[in-house]
Amino acid sequence: MNSGKVTGYKVHEAWVNNGTTPTQTAVAQYNVANWSDRPTHGFDFGQLPQAERQEYVLGPKASWEVISVPLSFDMLATAISGRHVFAWGWVVYRDIFKGSPPRLSEFCFELTNPKWRGGDRTSPSTLFSVDTLPCQTHNCYDEYCDDYPKLSQEIK
């Protein structure tokens with residue numbers, strides 16, 4: 001907010017460790033982008049703006065909020081005008097067990113149908129909602145991800 005007005009939003013993604021052991025180490029990347037087409041199989045996410053990578057350790061039964069990224073009114077307007085706005089990211093980590101292979105989780109979802117309930121989009125009292133639909137690609141785990149060989153190298 002700027003001077004009591006909403007100037008955009010932040011999109012958050014959380015990772016949850018449902019297991020009973022911590023990660024040894026983890027690296028994550030998360031971002032929002034707009035594109036002329038929906039991401040389909042074979043889409044090169046490397047051509048999108050890359051966000052800051054974060055390293056962390058996630059304890060057992062713990063959650064961690066990945067980097068929050070800005071979502072501007074202008075980017076939302078592109079969703080109304082026919083472009084596609086989507087959030088995407090990945091986390092690669094190692095379990096604490098000696099010799100465990102790198103684990104990878106990737107996600108992508110499209111932000112569609114933005115709606116404001118109220119006359120002034122910049123008013124903090126205006127309700128905002130957006131639908132989220134899974135992308136046709138980049139929702140995978142470990143070796144089932146096309147870029148597992150590349151991203152698994154991100155972890156030490």
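Provided above is the structure to which this section pertains.
Treat the numbers as computed from the prediction; the structure is a model and nothing was measured.

**What about the overall build of the protein chain?**
- Counting its secondary structure elements, the protein chain contains 2 helices and 8 strands.
- What you see in the protein chain, going N to C, is helices and strands ordered as β-β-β-β-α-β-β-β-β-α.
- The principal-axis extents of the C-alpha atoms in the protein chain amount to approximately 55 × 35 × 20 Å.
- In the protein chain, the proportion of contacts linking residues at least 24 apart, taken out of those at least 6 apart, comes to 74%.
- Just so you have it, the protein chain exposes about 8,900 Å², and 50% of that area is on carbon and sulfur atoms.

**Focus on the packing of aromatic side chains**
- Applying the stated criterion to the full structure yields 13 aromatic pairs.
- For the ring pair tyrosine 9 and phenylalanine 128, a centre distance of 4.2 Å and an interplane angle of 15° mean the geometry is stacked. Pair noted here: tyrosine 9 is in strand 1 (residues 8-16) and phenylalanine 128 is in strand 7 (residues 127-134), with a separation of 119 residues, a long-range link.
- Classification of phenylalanine 128 by relative accessible area gives partly exposed; the value is 25%.

**Some thoughts on the environment of arginine 117**
- Here arginine 117 is to be found in strand 6 (residues 103-117).
- Taking the C-alpha atoms as reference, arginine 117 lies 6.4 Å from phenylalanine 128; in sequence the two are 11 residues apart.
- The residues touching arginine 117, leaving out its near neighbours within four places in the chain, are Thr126, Leu127 and Ser129.
- Among the polar contacts made by the side chain of arginine 117, one reaches the side chain of serine 129 at a distance of 3.1 Å.

**What about unusual backbone geometry?**
- In the Ramachandran plot, asparagine 113 falls in the positive-phi region, its phi being about 55° despite a non-glycine side chain.
- In this structure, asparagine 113 sits in strand 6.
- Asparagine 113 sits in the partly exposed class, given a relative accessible area of 38%.
- With a phi close to 70°, histidine 138 is a non-glycine residue in the positive phi region.
- Within the secondary structure, histidine 138 is located in the loop between strand 7 and strand 8 (140-141).

**Looking at the state of the cysteines**
- Counted by the stated rule, this structure contains 2 disulfides.
- The partner cysteine of cysteine 108 in its disulfide is cysteine 135, sulfur to sulfur 2.1 Å. One disulfide, between cysteine 108 and cysteine 135, carries an S-S torsion of -50° and so falls in the left-handed class. Linking cysteine 108 in strand 6 with cysteine 135 in the loop between strand 7 and strand 8, this pair joins segments that are 27 residues apart in sequence.
- Accessibility expressed as a relative area gives 2% for cysteine 108, which makes it buried.
- The disulfide partner of cysteine 140 is cysteine 145, and the S-S distance across this bridge is 2.1 Å. Since a negative S-S torsion denotes a left-handed disulfide, the cysteine 140-cysteine 145 link at about 120° is right-handed. There is no split in this pair, since cysteine 140 and cysteine 145 are both buried.
- In the protein chain, numbering the disulfide-bonded cysteines from first to last in sequence yields the connectivity 1-2, 3-4.

Calculation notes
Counting of residues starts from 1 at the beginning of each chain's written sequence and follows it residue by residue. For this predicted model, a pLDDT threshold of at least 70 governs which residues receive local features, and a threshold of 80 or more governs which side-chain atom pairs are given and counted, while totals over whole chains, interfaces and linings are taken from all residues. Neither water nor hydrogens contribute to the side-chain values; these are computed over all heavy atoms in the structure. Secondary structure elements follow DSSP: runs of H or I no shorter than four residues count as helices, runs of E no shorter than two count as strands, and numbering proceeds from the N terminus. Contacts are residue-level and defined by heavy atoms, with any inter-residue pair within 4.5 Å sufficient. In this description, accessible areas are obtained by the Shrake-Rupley approach with a 1.4 Å probe, and a residue is regarded as covered only by the protein chains that are shown. Working definition: rings of Phe, Tyr and Trp (its six-membered ring) pair if their centres are within 6.5 Å, and the pair is stacked with planes under 30 degrees apart, edge-to-face with planes over 60 apart, and tilted otherwise. Remark: exposure states derive from per-residue accessible area (1.4 Å probe, protein chains only) relative to the maximum for the residue type, with buried under 20%, exposed over 50%, and partly exposed in between. Any pair of nitrogen or oxygen atoms within 3.5 Å is treated as a polar contact; in protein, a donor-acceptor pairing is required on top of that, and neighbouring residues in sequence qualify only through side-chain atoms on both sides. Any pair of cysteine sulfurs within 2.5 Å is marked as a disulfide.

Structural measurements only, silent on function.
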